[in-house]
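Listed below are the residues making up each chain.
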Amino acid sequence: MRFGGILKAARQRAGLSQEELAHRLNINQSDVSKFENDKKVPDVLTFIQWIQQTSAQEVMVAFLYGMDGMSMIQNLLPMIGGFISWI
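Residues numbered from 1 in each chain as written. Predicted model: local features only at pLDDT ≥ 70, side-chain atom pairs only at ≥ 80, totals over all residues. Heavy atoms only, no water.

Undergrad: Explain the packing of aromatic side chains residue by residue, including any values.
TA: Centre distance and the angle of the planes are the two values used to describe a pair of aromatic rings. Overall, the coordinates contain two aromatic pairs when judged by the stated rule. Centroid distance F3 to F47: 5.5 Å. Interplanar angle 40°. Geometry classified as tilted. Of this pair, F3 sits in helix α1 (residues 3-13) while F47 sits in helix α4 (residues 44-53); the two residues are 44 residues apart in sequence, bridging distant segments of the chain. Exposure remark for F47: the relative accessible area of 10% places this residue in the buried category. Aromatic side chains F35 and W50 sit 6.1 Å apart centroid to centroid with 65° between the ring planes, which places their arrangement in the edge-to-face category. With F35 in helix α3 (residues 29-36) and W50 in helix α4, this pair connects stretches of sequence that are 15 residues apart. (Phe/Tyr/Trp six-rings, centres within 6.5 Å; stacked < 30°, edge-to-face > 60°. Helix = DSSP H or I, 4+ residues; strand = E, 2+ residues; numbered from the N terminus. Buried < 20%, exposed > 50% of the residue type's maximum accessible area, 1.4 Å probe, protein only.)

What follows is the structure, encoded as structure tokens:
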């Protein structure tokens, strides 16, 4: 799985353009593009700010545990379904 794709999906899900996110992160729009296209890796502070600005904390958790989006959904759906059935 591409790391840049995760960052791009988080930004798009938040409804932000590259320019808007760059402004919020105090970086250049070209850096946002490079991160999303896997041409540059963000430092830890930029990654954390990116996740905060896009409200994608679950992305950070999944990334830290080495899970891709599909694995996360497959692991969480049974738990959510069981919880809803219990209620």
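Undergrad: Hey, could you go over α3 for me, with residue numbers and the actual values?
TA: An α-helix turns once every 3.6 residues. As a result, residues three or four positions apart point the same way. By the burial criterion, the buried members of α3 are D31, V32, F35 and E36. One side of α3 carries all its buried residues, which in axial view fall inside an arc of 135°. D38 occupies a position one or two residues after α3 and carries a positive phi of about 60°. (Arc of directions from axis to C-beta.)

Undergrad: Got a sec to walk through the pattern of salt bridges? Specific residues and values, please.
TA: Two side chains with opposite charge may pair up if their charged atoms get near one another. Inspection of the entire model under this criterion finds two salt bridges. E36 serves as the salt-bridge partner of R11, at 2.5 Å between the closest nitrogen and oxygen. Residue R11 is found in helix α1, and its partner E36 is found in helix α3; the two are separated by 25 residues along the sequence. The exposure classification of R11 matches that of E36, with both residues buried. For K40, the salt bridge goes to D31, with nearest N and O atoms at 2.9 Å. (Salt bridge = Lys/Arg side-chain N within 4 Å of Asp/Glu carboxyl O.)

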